[in-house]
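Okay, here's what each chain looks like letter by letter:
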Amino acid sequence: MNHLNPAQKLAARTRVGSVFGLFLLASLPALVTPSRADNPATYLFQWGSSGTGTGQFDYPDGIAVDGGNNVYVVDLDNYRVEKFDRNGNYLRQWGSPGTGNGQFEGPQGIAVDNSNNVYVVDSNNSRVEKFDRNGNYLRQWGRQGTSNGQFDFPDGIAVDSGNNVYVVDTYNFRIEKFDSNGNYLTQWGGPGTGNGQFESPDGIAVDSSNNVYVVDTDNFRIEKFDGNGNYLTQWGSQGYGNSQFQSPVGIAVDSNNNVYVVDLLRVQKFDGNGNYLTQWGSQGYANGQFDYPDGIALDGSGNVF
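Residues numbered from 1 in each chain as written. Predicted model: local features only at pLDDT ≥ 70, side-chain atom pairs only at ≥ 80, totals over all residues. Heavy atoms only, no water.

As for the packing of aromatic side chains
Short version of the rule: Pairing of aromatic side chains here covers Phe, Tyr and the six-membered ring of Trp, requires ring centres within 6.5 Å, and sorts the geometry by plane angle: under 30 degrees stacked, over 60 edge-to-face, intermediate tilted. Think of it this way: any DSSP run of H or I at least four residues long counts as a helix, any run of E at least two long counts as a strand, and we number them from the N terminus. The classification of residues rests on relative accessible area computed with a 1.4 Å probe and restricted to protein chains. Under 20% of the type maximum is buried, over 50% is exposed, and intermediate values are partly exposed.
If you walk through the whole model with that rule in mind, you get 23 aromatic pairs. A centroid spacing of 5.4 Å and a plane angle of 50 degrees characterise the contact between Trp47 and Phe84, whose relative ring orientation is tilted. Placement of Trp47 in the loop between β2 (41-45) and β3 (60-65) and of Phe84 in strand β5 (residues 80-84) is noted, with a sequence separation of 37 residues between them. Given the relative accessible area of 12%, Trp47 is considered buried. Grouped by ring-pair contacts, the aromatic residues Phe45, Trp47, Phe57, Phe84, Tyr90 and Phe305 constitute a single cluster.

What to know about unusual backbone geometry
If you check the backbone angles, Tyr59 has positive phi at about 65 degrees while not being a glycine. Note that Tyr59 resides in the loop between β2 and β3. Note on Tyr59: relative accessible area 3%, which makes it buried. For Phe153, which is not glycine, the phi dihedral falls at a positive 55 degrees. By the element assignment, Phe153 lies in the loop between β10 (137-141) and β11 (154-159).

Quick word on the sheet that holds strand β6 (residues 90-94)
Within a sheet, adjacent strands bond to each other through the backbone by hydrogen bonds, running parallel or antiparallel. How we decide: Any two strands with at least two DSSP-identified bridges between them are counted as paired. Inter-axis angles, ranging from 0 to 180 degrees, are taken between N-to-C directions of lines fitted to C-alpha atoms, where helices are fitted over the stretch in contact.
Judged by pairing direction, the sheet is antiparallel, and its four strands sit side by side in the order β3-β4-β5-β6 without closing on themselves. For this open sheet the edge positions go to β3 and β6, each flanked by a neighbour on one side alone. Strand-to-strand, the axes of this sheet are offset by a mean angle of 20 degrees, without reference to chain direction. In this sheet, strand β4 (residues 71-75) lies alongside β3 in antiparallel orientation, the contact comprising four bridges. In the sheet register, Val65 faces β4, and the bridge partner there is Val71.

Points about the nonpolar core
This is how the line gets drawn: Nonpolar core, defined: a set of buried Ala, Val, Leu, Ile, Met, Phe, Trp, Tyr and Cys residues in which side-chain atoms within 4.5 Å join the residues together. By definition, residues are in contact when any of their heavy atoms lie within 4.5 Å.
Of all hydrophobic cores here, the largest spans twelve residues; its members are Ala205, Tyr213, Val215, Phe220, Ile222, Trp235, Phe245, Ile251, Val253, Val259, Val261 and Phe270. Setting aside residues no more than four positions away along its own chain, Val253 makes contact with Ala205, Val206, Asp207, Tyr213, Asn258, Val259 and Leu298.

Examining the pattern of salt bridges
What counts is decided by this rule: Take a side-chain nitrogen of Lys or Arg and a carboxyl oxygen of Asp or Glu: if they are within 4 Å of each other, that pair is a salt bridge.
Tallied over the full model, the rule gives ten salt bridges. A salt bridge links Asp299 to Arg86, with the nearest nitrogen and oxygen atoms 2.9 Å apart. Here Asp299 is found in the segment after β24 (276-280), whereas its partner Arg86 is found in the loop between β5 and β6, with 213 residues between them in sequence. Using a relative accessible area of 29% as the deciding quantity, one classes Arg86 as partly exposed. Measuring nitrogen to oxygen at the nearest pair gives 2.7 Å for the salt bridge that ties Asp122 to Arg127.

A word on the environment of Pro97
For Pro97, the location among the structural elements is in the loop between β6 and β7 (107-112). Remark: the alpha-carbon pair of Pro97 and Tyr79, spanning 18 residues in sequence, is separated by 5.4 Å. What Pro97 contacts, discounting residues up to four positions off in sequence, is Tyr79, Gln103, Phe104 and Glu105.

What about the pairing of strand β9 (residues 127-131)?
Within a regular strand, the side chains alternate between the two sheet faces. Across the five residues of β9, five count as buried, placing the element largely inside the fold. Burial of the side chains of β9 extends over both faces: Arg127, Glu129 and Phe131 are buried on one face and Val128 and Lys130 on the other. Alignment of strand β8 (residues 118-122) against β9, held across five bridges, turns out to be antiparallel. Each residue of the ladder has a partner; that of Val118, found in β9, is Phe131. Sheet analysis places β9 next to β10, joined by four bridges and oriented antiparallel. The partner of Val128 across the bridge, within β10, is Trp141. The turn linking β9 back onto β10 is made up of five residues, and Gly135 within it adopts a positive phi angle of 90 degrees.

In structure tokens:
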């Protein structure tokens, strides 16, 4: 599947759903906790429904958790971010359609730094917007282009322990790194299938050693780099088996540097070197099942959203 803009992504998923004979409604993935290998994820609870009201969603996309285990969800087609406590209780929201400060056109990725500031990738405005934990606008950076600090449909975002910000610049086939104020630091990547190259990169995550994991969607793999963009390793191929991918998108890392990848209708878990550990999920609307999950995040207790 080629990387698409928000409207195209939703339309493509609807078409895929018709092949399965299903009506697809994007919803917030269930909260699960990693457990034993023979029961890898125990379902806990869920929240959300389709709509525009508080606590409802219209094509939720990115998700992040702050130091207080509050959960932030990018509600893409409602042009907003919604904030909940870890039990799914609604706290607040912000955002509206537009190009002004604090507005969005195609919001996608979201990340939180050590001070609980929130960074949102505003894809169709080719920028990153930064807010405090209450949604108050702080700053922004980026515009359409190919130069340093510019973007062409940015998507994923992650923050390291030094509050450096990594942005997946999808159509420029690269990762750009900034400080927390948006000052450009470095970049890496390029189009292709070789080590350190990308085809439609999507999700990104950083571990406790500031290694960076990138979902290289159309190459059906995960690539791992150090914080300066030096290539370390990769894993994955196209398929439905263990360690294979069909449409990898979201990625997250836990406190033990295990890596969780959202792929089509399941979550696969790996160690930091890409060794397969376990998986869970299947297509459906029941507890613990998924209908094209997208974002993934973990809280301080290791619970997976």
